[in-house]
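# Observations on the three-dimensional arrangement
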Amino acid sequence: MVSQTIGLLKDELPVEQETLLFSGDVKTGLVLVDIVNGFCTVGAGNLAPRVPDEQISGMVDESVKLARVFCDNKWPIFAFLDSHHPDIPEPPYPPHCIAGTDESKLVPDLQWLENEPNVTLRCKDCIDGFLGSLEKDGSNVFVDWVKTNKIKVVLVVGICTDVCVLDFVCSALSARNRGFLTPLEDVVVYSRGCATFDLPVDVARGIKGALAHPQDLMHHIGLYMAKGRGAKVVSEVFFGTPKEP
Ligand SMILES: [Zn+2]
């Protein structure tokens, strides 16, 4: 039933996906959205998967592969870490990723990034990482990162496709369109490098006030919305030199 609905939805709201070929001559930055234990590691907290989750572990694997290539080439990486003060709730979500706990740390496979010189880590206490990059003096750490590194393309991976990834992508696109992110040209979402959480409708029905969130469906909708706002959505990322014309 659910898979039929998803099939129908994908027919009605198709998201055509491209292939991204890195040649190394277009300055590209990798953005990792919230690949922290609190969202990705089984049993790590209120918003972590309860059982091993194929979409989430696939997202982590793809992100690790990309992070290695970017670090090998000394290309810039910007990593958001969801991180909350214990006394400030984030409705509608239960407490999660409290600052200083393991929940707000990068997953074990990415913890080595903490010591890489090309990586900027940014703790954020809100859904939208673009807003979470604002400093009290009005400056924006993400905007500064794009400008300092003269980034033309950002490649976005992480979790959740339809929540933190989508909100960040939408804000980045609006900021680009308003000229705040020069020389940024493209915001690219890598679909296999993104994942979302699973709360099937039959489970949600048993939880008072819960909003159903079937994983495959919401992942698809997240990609659809991102593309609708002007992001490029890619299903493959290759590295290599383009053929001579
Ligand atoms: Zn949060």
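Provided above is the structure to which this section pertains.
The notes below deal with the structure included here. Because the structure is a prediction, the values reported are computed rather than measured.

### Structural notes on helix H8 (residues 215–229)
- The terminal C-alpha atoms of H8 lie 21 Å apart, and with 15 residues this matches the ideal 21 Å at 1.5 Å per residue to within 8%.
- The complete set of buried residues in H8 reads Gln215, Leu217, Met218, His219, His220, Gly222, Leu223 and Ala226.
- Once H8 finishes, glycine 230 follows within two positions and takes phi at roughly 115°, a positive value.

### Some points on the nonpolar core
- Residues Val33, Val156, Ile159, Val165, Val169 and Val189 are the most contacted members of the largest nonpolar core, which totals 58 residues.
- Ignoring anything within four residues of it in the chain, the contact list for valine 169 reads Val156, Val187, Val189, Ala226, Arg229 and Ala231.

### Some points on the environment of leucine 223
- Note on placement: leucine 223 falls in helix H8.
- By the C-beta count within 10 Å, which is 23 here, leucine 223 ends up buried.
- The sequence separation of leucine 223 and valine 233 amounts to 10 residues, and the corresponding C-alpha distance is 7.0 Å.
- For leucine 223, the residues in contact, after removing those within four places along its chain, are Val15, Thr161, Val189, Ser191 and Val233.

### Regarding unusual backbone geometry
- A cis geometry characterises the amide bond from proline 91 onward to proline 92, with omega recorded as 5°.
- As for its placement among the helices and strands, proline 92 is situated in the loop between strand E3 (77–82) and strand E4 (119–124).
- Cis geometry marks the peptide bond from isoleucine 159 to cysteine 160; its omega dihedral reads 5°.
- Within the secondary structure, cysteine 160 is located in the loop between strand E5 (153–159) and helix H6 (164–177).
- The phi torsion at aspartate 34 lies on the positive side, around 55°, for a residue other than glycine.
- At lysine 150, a residue that is not glycine, the phi angle is positive and equals roughly 50°.
- With respect to the secondary-structure elements, lysine 150 resides in the loop between helix H5 (141–148) and E5.

What counts, and at which threshold
Residues numbered from 1 in each chain as written. Predicted model: local features only at pLDDT ≥ 70, side-chain atom pairs only at ≥ 80, totals over all residues. Helix = DSSP H or I, 4+ residues; strand = E, 2+ residues; numbered from the N terminus. Expected span 1.5 Å × (residues − 1). Buried ≥ 20, exposed ≤ 12 C-beta atoms within 10 Å, placed from the backbone. Core = buried A, V, L, I, M, F, W, Y, C linked by C-beta atoms within 7 Å. Contact = placed C-beta atoms within 7 Å.

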